[in-house]
Amino acid sequence: MFDTKDINQNKIKIACVIHSLSIGGMERVMSVLLNEFAVMTSVEVHLLLIGKKREVHFDLHPAIHIHKPEFEFTDYSRSISTLKTIPFIRRTIQELEPNAILSFGEYWNNLVLLSLYGLPYPVYVSDRSQPNKNLGRIQNRLRNWLYPKAKGYIAQTNKAMEIAKQKNWNSNIKVIGNPIRCIPEAANQVKENWVVTVGRLIKTKHIDELITIFARINQPDWKLIIVGGNAKKGILLKEYEELISKLQMQDKIFLKGSQSDVAPFYQKSKLFAFTSSSEGFPNVIGEAVSAKLPVIAYDCVAGPSDLIQDEITGYLIPERNEQLYVTRLKQLMENESLRAKMSANTDSIRLQFDASVIAAQFFQFITQTTTVKKKPSL
């Protein structure tokens, strides 16, 4: 366990809690925040990894202190592992005496708040998936009881904030989006007549609908590029291959599967298309915007409306209005000057979600109170 006696007491101490830093959108955001906090003046950063896989797949600043339970979190003894995690969280936080605690993940937020119940340290929680996601009867009740006890709630989007207010989850709510991973311009890159989409192949992404829409437009000089592999135990890649074959679009629509580097696909494309029906914060739209691509997306819950300025940087289509989607996508494909105009308007969005800007907003919100109460006697 980390020796708190060696800590400079003048530093602001932040403890971040997450299940893992394996590959994933939520995990990437946490890693960015950790690294940004670590280079701030007079800030000390701690990371608690409390899930089954306590992995770190991202490069972290060497000044970040990592804490993991000594026991193994196993599926066959999940309940016991969860119960053993509670005293680990509580004991670690009591020893660290942080100025602020930042927790990510719906189920994990419940566990963190339950573990720290009655302690004086301010806990800020953030859900990282669809804001109205049903967690199940027990977890829903825990969230409704525990979230109001947090010091603050961070919503990824304005829609998420509305839902949180409706459910009375907290009275101190702040909307802070995700830091957008910048897609740099490639030197001497020639753009292709590509419409690109990126994301894991799951039903709620509705890639089959995008395939059908593209086939309906049937622009002979354009191609649809789909980047993403099956989600765990998924079989959609095969289904989409069969659909493309049925539509006789094998020479126009291409399934690229999972890619370790998606940047070249953004860089070579002229448009980004998104047909998801539910999101927490669609990072891929942010990446497309950073690559200066006009974006067309359904205005789903939640996120597209925070990242796309309708008719300025792209088009927001009312949910499941397929005919309007067809019309707008066709318009973008046929109108080069419109695409150029929308591309030129993306700068303000890209700057708004810059990593340093987002980290500063998180830091300001979670350090509203910086006086640490002394560790209570047991």
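Notes on the structure in this doc start here. All values reported here derive from a predicted model rather than from experimental measurement. (Residues numbered from 1 in each chain as written. Predicted model: local features only at pLDDT ≥ 70, side-chain atom pairs only at ≥ 80, totals over all residues. Heavy atoms only, no water.)

Side chains of strand 6 (residues 152-155) alternate between two faces, with G152 and I154 and Y153 and A155 buried alike. Here strand 5 (residues 123-126) runs beside strand 6; their pairing, made up of 2 bridges, is parallel. Bridge pairing links V125 to Y153 in strand 6. Taking the sense of rotation as the criterion, the β-α-β connection linking strand 5, helix 4 (residues 137-146) and strand 6 turns out right-handed. Relative to strand 7 (residues 173-175), strand 6 is paired through 3 bridges, and the arrangement is parallel. Residue pairing in the sheet places I154 in a bridge with K174 of strand 7. Each parallel crossover has a hand, and for strand 6 linked through helix 5 (residues 158-166) to strand 7 it is right-handed. (Buried < 20%, exposed > 50% of the residue type's maximum accessible area, 1.4 Å probe, protein only. Helix = DSSP H or I, 4+ residues; strand = E, 2+ residues; numbered from the N terminus. Pairing = 2+ DSSP bridges. Right-handed = clockwise from strand over helix to strand, strands pointing away.)

With respect to the element layout, F362 can be found in helix 14 (residues 355-366). Between the C-alpha atom of F362 and that of F37, which follows or precedes it by 325 residues, the distance is 9.4 Å. When near neighbours in sequence (up to four residues on either side) are disregarded, F362 contacts L33, F37, L102, F104, R128, I154, I176 and G177. (Contact = heavy atoms within 4.5 Å.)

This part is about the layout of surface pockets. Here the second largest pocket is characterised by a volume of approximately 330 Å³. Along its surface, the second largest pocket is lined by 18 residues, and K191, S269, A291, K292 and S343 are the ones closest to its centre. At 4 residues, helix 12 (residues 336-344) tops the list of elements feeding residues into the lining of the second largest pocket. Here the lining of the second largest pocket is built from residues that sort into 7 nonpolar, 5 polar and 6 charged. (1 Å grid on protein atoms, 1.4 Å probe; cavity = no way out; pocket = protein on both sides within 12 Å on 5 of 7 lines; lining within 4 Å. Points joined across faces, edges and corners; volume = space filled by probe spheres on them. Nonpolar A, V, L, I, M, F, W, Y, C, P; charged D, E, K, R; others polar.)

So, on to helix 14. Spacing of three or four residues puts side chains on the same side of an α-helix, whose turn is 3.6 residues. Counted at 1.5 Å a residue, the expected span for helix 14 with its 12 residues is 16 Å, and the 17 Å between its end C-alpha atoms agrees. For helix 14, the full list of buried residues reads I358, A359, F362, F363, F365 and I366. The buried residues of helix 14 occupy an angular sector of 170° when projected down its axis, which confines them to one face. (Expected span 1.5 Å × (residues − 1). Arc of directions from axis to C-beta.)

Per the stated rule, a full pass over the model turns up 12 aromatic pairs. Where Y124 meets F365, the ring centres are 5.4 Å apart and the plane angle is 65°; that geometry is what we call edge-to-face. Taken together, the positions of Y124 in strand 5 and F365 in helix 14 put the pair 241 residues apart, joining distant regions of the chain. Taken as a pair, Y124 and F365 share a single burial class, namely buried. Stacked on the ring of F104, the Lys or Arg R128 has its end atom at 4.2 Å from the ring centre. (Phe/Tyr/Trp six-rings, centres within 6.5 Å; stacked < 30°, edge-to-face > 60°. Lys NZ or Arg CZ within 6 Å of the ring centre and 35° of its normal.)

A word on the packing of helix 11 (residues 322-334) against helix 12. Interhelical geometry of helix 11 versus helix 12 gives an angle of 95° and a closest axis separation of 5 Å. In this view, helix 11 runs roughly perpendicular relative to helix 12, as classed from their interaxial angle. For the pair helix 11 and helix 12, contact is made by Q331, L332, M333 and E334 and by E336, L338, R339 and M342, respectively. Of the residues belonging to the contact of helix 11 with helix 12, the class tally is 4 nonpolar, 1 polar and 3 charged. (Axes fitted to C-alpha atoms, helices over the stretch in contact; angles between N-to-C directions. Parallel < 35°, antiparallel > 145°, perpendicular 65-115°, else oblique.)

What follows concerns the nonpolar core. Counting 55 residues, the largest nonpolar core has F37, L102, Y266 and F272 as its most contacted members. Sorting elements by how many residues they give to this core places helix 1 (residues 25-38) first, with 7 residues. When neighbours within four sequence positions are excluded, Y266 is seen to be in contact with I183, K191, V198, F272, V284, E287, A288, A291 and L293. Ranked by size, the runner-up nonpolar core spans 31 residues in total, among them L201, M249, I253 and I296. (Core = buried A, V, L, I, M, F, W, Y, C linked by side-chain atoms within 4.5 Å.)

For the rest of this paragraph, the subject is the packing of helix 6 (residues 207-217) against helix 7 (residues 236-246). Where helix 6 meets helix 7, the axes come as close as 10 Å, and the angle between the chain directions of the two elements is 15°. The angle between helix 6 and helix 7 places the two elements in the roughly parallel class. Where helix 6 crosses over helix 7, the two elements pack in a sense that is right-handed. Between helix 6 and helix 7, the contacting residues are I207, D208, I211 and T212 on the first element and Y240, L243 and I244 on the second. (Left-handed = near helix turned anticlockwise from the far one by under 90°.)

Moving on, we come to empty space enclosed by the protein. The final tally for this structure, using the stated rule, is 2 cavities of 30 Å³ or more. Considering only enclosed or pocket space, the largest cavity measures out at about 50 Å³ in volume. Taken together, T197, V198, G199, R200, K205, I207, F274, T275 and S276 make up the lining of the largest cavity. Grouping the amino acids of the lining of the largest cavity by side-chain chemistry returns 3 nonpolar, 4 polar and 2 charged. Computed from the structure, the second largest cavity encloses a volume of approximately 40 Å³. Taken together, D127, S129, P131, Y153, Q156, A160 and G280 make up the full set of residues lining the second largest cavity. Residues of the lining of the second largest cavity, tallied by class, amount to 3 nonpolar, 3 polar and 1 charged.

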